[in-house]
Structure formats: C-alpha cells, structure tokens
Amino acid sequence: YTLEGGEWKIAHHHSSMMPEAQLAASSGAPAPIPDAEVRSLFSLWNNALATLDPDEVAKRYSKAPCLLPTVSDVPRTDYDSIKAYFVDFLKKKPQGVILESYVTSGPGWCMDDGIYEFTMGATGDKVKARYSFVYTNEDGEWKIAHHHSSQMPEEVVAKASLPESAFA
C-alpha cells in the first residue's frame, strides 16, 4: 500500500489461479468431472441395457475392464466375457435406478458407489444391490474400468430365516 492524497491505495497486487488445475491440464490428464456428471454416466450404461443388445452394454466397458456381476461368480475381465454375461442378464429386461450415490473423482478417473435397484421388465421383480463403478477416460470417452455389483444381504438371506427382531 502507498499513501496518496491522504488515502491508502494498493501499490502492488498479485493474483493467480491455484496450481492444481494448471498441473492437470499440463499433464494431459482430463480435469476431474463434477459429481452430477459422474452420476449421469450410469444412465449411459442403463440406456445400453435398455437396448437389450449385449454388444452395446459391453462397449460401455474399458479396454482393460473388470466386471464382478451380481448373478455370476465368474469375474469378467475382457470384452467377450462381459458380452457373454449380458446375453443372459438382458433376457430379464433390467432397468436400474440409483437410490444412493457416493462420488469420488480425480484427473482422468471417477468412481460412483452406492445402492441401485433394478426392475426386471420380463417379470416385474425388483432387486436391490450395492454397486461400484470406477470410470476411466479413454480417448475422450468415459468407460467403465471396474464394476462390482452384489445383491443386498437382506435379499440373499431368506427373510423367513431371520429372527423377528431383524424386522423391528
């Protein structure tokens, strides 16, 4: 500051951006995406399910994927095995909605974990499951690098085998 005509004036001012965004940009890695955009990536996968085409669903996964599906004990780690899983799963005509979502992201990756529920269009059955999607940015497009889905324990354990106190 300097005193000019009885008034304090700024003699020198410096302002700069925080370095994180500049470092990410200079490294070539995409900047983290907003939480709402991460959550919207689910709809791309869910829309692929709606086509009932296992090829369209498998295309949503990255070049080096890992799918740990709800109704299979076989890890799926390539395009062909993921497509094969969805051949049978899509016969149920599944459509999902996210009930709870927790997002984390960084340059070139993001993760959405939570609980989703599927309505099986073929039967009307509803199935809740825990999920995690880890997305990676490949060639400017967000792809699923890791997807884990497991049925809720309450759905797995027959309710008749639980003590009555479990429902209180």
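Details of the structure are given in the entry above.
Below or above, wherever it landed, is the structure these notes cover. Being a predicted model, the structure only gives us computed values, none of them experimental.

### What about helix H2 (residues 35-50)?
In a regular helix each residue adds 1.5 Å, so 16 residues correspond to 22 Å; H2 covers 24 Å between its end C-alpha atoms and thus fits that length. Among the residues of H2, Val38, Leu41, Phe42, Trp45, Asn46, Ala48 and Leu49 are the ones counted as buried. Projected down its long axis, H2 carries its buried residues within an arc of 155 degrees, all on one side.

### Things to note about the environment of threonine 123
Tracing the sequence through the fold places threonine 123 in the loop between strand E5 (109-120) and strand E6 (126-138). Polar side-chain contacts of threonine 123 include one of 3.1 Å to the backbone nitrogen of aspartate 125.

### Some points on the nonpolar core
Among the nonpolar cores identified, the biggest contains 28 residues, and Trp45, Val57, Tyr61, Phe86, Tyr116, Phe133 and Tyr135 are the most heavily contacted of them. Where this core is concerned, the elements lending two or more residues are H2, helix H3 (54-58), strand E3 (61-68), helix H4 (79-89), E5, E6 and strand E7 (141-151). It is H2 that provides the largest number of residues to this core, a total of six residues.

Definitions and cut-offs
Residues numbered from 1 in each chain as written. Predicted model: local features only at pLDDT ≥ 70, side-chain atom pairs only at ≥ 80, totals over all residues. Heavy atoms only, no water. Helix = DSSP H or I, 4+ residues; strand = E, 2+ residues; numbered from the N terminus. Expected span 1.5 Å × (residues − 1). Buried < 20%, exposed > 50% of the residue type's maximum accessible area, 1.4 Å probe, protein only. Arc of directions from axis to C-beta. Polar contact = N/O pair within 3.5 Å; in protein donor to acceptor, adjacent residues only side chain to side chain. Core = buried A, V, L, I, M, F, W, Y, C linked by side-chain atoms within 4.5 Å.

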